[in-house]
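Understanding the architecture of this molecule
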Amino acid sequence: MRSTGFRRTLAAIGACSLALAASACGSADDDTASGKTRITVNCMPPKSAKVDRQFFEQDIASFEKQNPDIDVVAHDAFPCQDPKTFDAKLAGGQMEDVFYTYFTDAKHVVDINQAADLTPYLKELKSYGTIQKQLRDIYTVDGKVYGIPRTGYSMGLIYNRKLFEKAGLDPDQPPATWEELRADAKKIAALGGGTVGYADYSAQNQGGWHFTAELYSQGGDVVGADGKKATIDTPEGYAVLQNLHDMRWTDNSMGSKQLLVINDVQQMMGSGKLGMYLSAPDNIPILVKEKGGNYKDLALAPMPGGKGTLIGGDGYMFNKKASPAQIRAGLKWLDAMFLTPGDGFLGDYARANKADAPVGLPEPRLFTGAADEKDQQIKKANANVPVENYQAFLDGNQQLQMKIEPPNAQQIYSVLDGAVSAVLTKKDADIDQLLKNASGKIDSILARS
């Protein structure tokens, strides 16, 4: 689903800027006649994101200096991926040579035959074997590799330590079950003054996204293993909706304003009026830098329920028209830019610290083995946020099953939005009927895919 900021989880692919419209975004012409291999890449931070833009440009300049035979042309846009134009750019041959994708895009791009097969070139990507296998597998279809992961995240529970203390709760003991979360939310809401115990999304596909995360936490699934039938009309699916209904109408711990989206909830948390909500770690710096929050007040716990959590993230795929020289150059660029522990756009923690960018958040955690150890050591040495506030998340995540988003995620989330919004806006909502109706609609989506 959506991510929330440029650093550590960029928000997705957009159209080439008009200034670059004179030249195609993606092209088999790799400029070898000039002695250089030219590649176009996307998702450069916009000029409004001054620090990230500066870092991105610095890293491209450094890469080109070290690789004088490669010319990198970066295109900026925000969000990086616009669902309304993504398929059209692919089909029209306007996609960059190396283009950004959500994890949920990978199979779709392969299915419509718009991705280059990277398998023959993987030996040239030094970092590939250090990346977590479960993330690599997302870009592997029928044994062939079509993309390279760049970041990954898992959902957890952000909570306000100050409100926990005011409500008589132990901020070092966040709720581990949905029953505990419900009880804690009720105590926080009882503080009054417009304080909300727990908030959740229920519009713009975001309600369906969180329903999925909550279902995973209960041990359920949205779609069966064969990918052909919905599996939401189950005791686990019922428990998700019943819990939201009861917190909203019985406990009055979710506030009266509903149909919330991510910005609404972030505003509530940043202003100190919200106790808890589900999110990935990348929300924390946004809450501080954009919404008025304070790092010392914000903590992160694993998903309640103890059974599973939703993982997501992003990576890069290659245009099917890219030449072998462009593929090799693009893989070399990815290695330098994103996949070298302690270096590059995402890994240069010392540079980020000097620029007052947050260092020390528990994710993304892309690597394994010695590469992960090196990355974590450098991150710890440059940490400028209270890392102790995230230890519960790190410890608890080790016990959870990591589960990727369902196929046809955005269409399914749109359906599930209706079920979530219904229980939060209608006291007499029929949960059984909501699940039955949503299940039928999801089956239809899967049958068409």
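Attention here is on the structure that accompanies the text. (Residues numbered from 1 in each chain as written. Predicted model: local features only at pLDDT ≥ 70, side-chain atom pairs only at ≥ 80, totals over all residues. Heavy atoms only, no water.)

1. Comments concerning the side chain of Q114
Applied cut-off: Secondary structure elements follow DSSP: runs of H or I no shorter than four residues count as helices, runs of E no shorter than two count as strands, and numbering proceeds from the N terminus. Note on classification: 1.4 Å probe, protein chains only; a residue is buried when its accessible area is under 20% of the maximum for its type, exposed when over 50%, partly exposed between these limits.
Tracing the backbone shows Q114 in the loop between α3 (106–111) and α4 (133–136). Here Q114 falls in the buried class, since its relative accessible area comes to 13%.

2. Some remarks on the layout of surface pockets
What counts here: Grid points spaced at 1 Å and placed over the protein atoms alone form the basis of the search, with a cavity being a set where a 1.4 Å probe fits but cannot get out and a pocket an open set showing protein on both sides within 12 Å along at least five of seven lines. Lining residues have an atom within 4 Å of a point. Grid points are joined across faces, edges and corners, and a volume is the space filled by probe spheres set on the points. All amino acids are sorted into three groups, where Ala, Val, Leu, Ile, Met, Phe, Trp, Tyr, Cys and Pro are nonpolar, Asp, Glu, Lys and Arg are charged, and the leftover types, Gly among them, are polar.
Each pocket or cavity is described by its volume, and for the second largest pocket that value is around 660 Å³. Forming the walls of the second largest pocket are 27 residues, and the residues nearest its centre are P362, E363, R365, Q376 and L394. Per-class residue counts for the lining of the second largest pocket are 11 nonpolar, 11 polar and 5 charged.

3. Quick word on the sheet that holds strand β8 (residues 196–198)
This is how the line gets drawn: Pairing between strands requires that DSSP locate at least two bridges from one strand to the other. Axis lines are fitted to C-alpha atoms, over the contacting stretch for helices. Their N-to-C directions set the angle, which ranges from 0 to 180 degrees. Throughout, a contact is declared for two residues whenever any of their heavy atoms are within 4.5 Å.
The 4 strands lie next to each other as β8-β9-β7-β10, forming an open sheet whose pairing is mixed. Strand pairing shows two members of the sheet lacking a second neighbour, β8 and β10 (298–302), which therefore form its edges. Strand after strand, the sheet turns through a mean of 25° between neighbouring axes, direction not considered. The strands touched by helix α9 (residues 262–270) are β7 (156–160), β8, β9 (274–279) and β10; relative to β9, the strand with the most contacts, the crossing angle is about 140°.

4. Re the environment of N283
When you line up the elements, N283 lands in helix α10 (residues 283–289). Given a relative accessible area of 2%, N283 falls into the buried group. Residues N283 and I158 lie 125 residues apart in sequence; the distance between their C-alpha atoms is 8.6 Å.

5. Focus on empty space enclosed by the protein
Overall, the coordinates contain 6 cavities of 30 Å³ or more when judged by the stated rule. Approximately 130 Å³ is the volume found for the largest cavity. Lining of the largest cavity is provided by 14 residues; of these, L346, Y349, P364, F367 and D375 occupy positions nearest its centre. A per-class count over the lining of the largest cavity returns 8 nonpolar, 2 polar and 4 charged.

6. Looking at unusual backbone geometry
With omega at 5°, the peptide bond leading from E363 into P364 counts as cis. Positive phi, close to 55°, is recorded for N252, a residue that is not glycine. As for its placement among the helices and strands, N252 is situated in the loop between α8 (235–249) and α9. Its identity as a non-glycine residue notwithstanding, N408 has a phi of 50°, on the positive side. Position of N408 relative to the elements: it lies in the loop between β12 (401–404) and α16 (409–425). Under the relative-accessibility criterion, N408 is labelled partly exposed at 25%.

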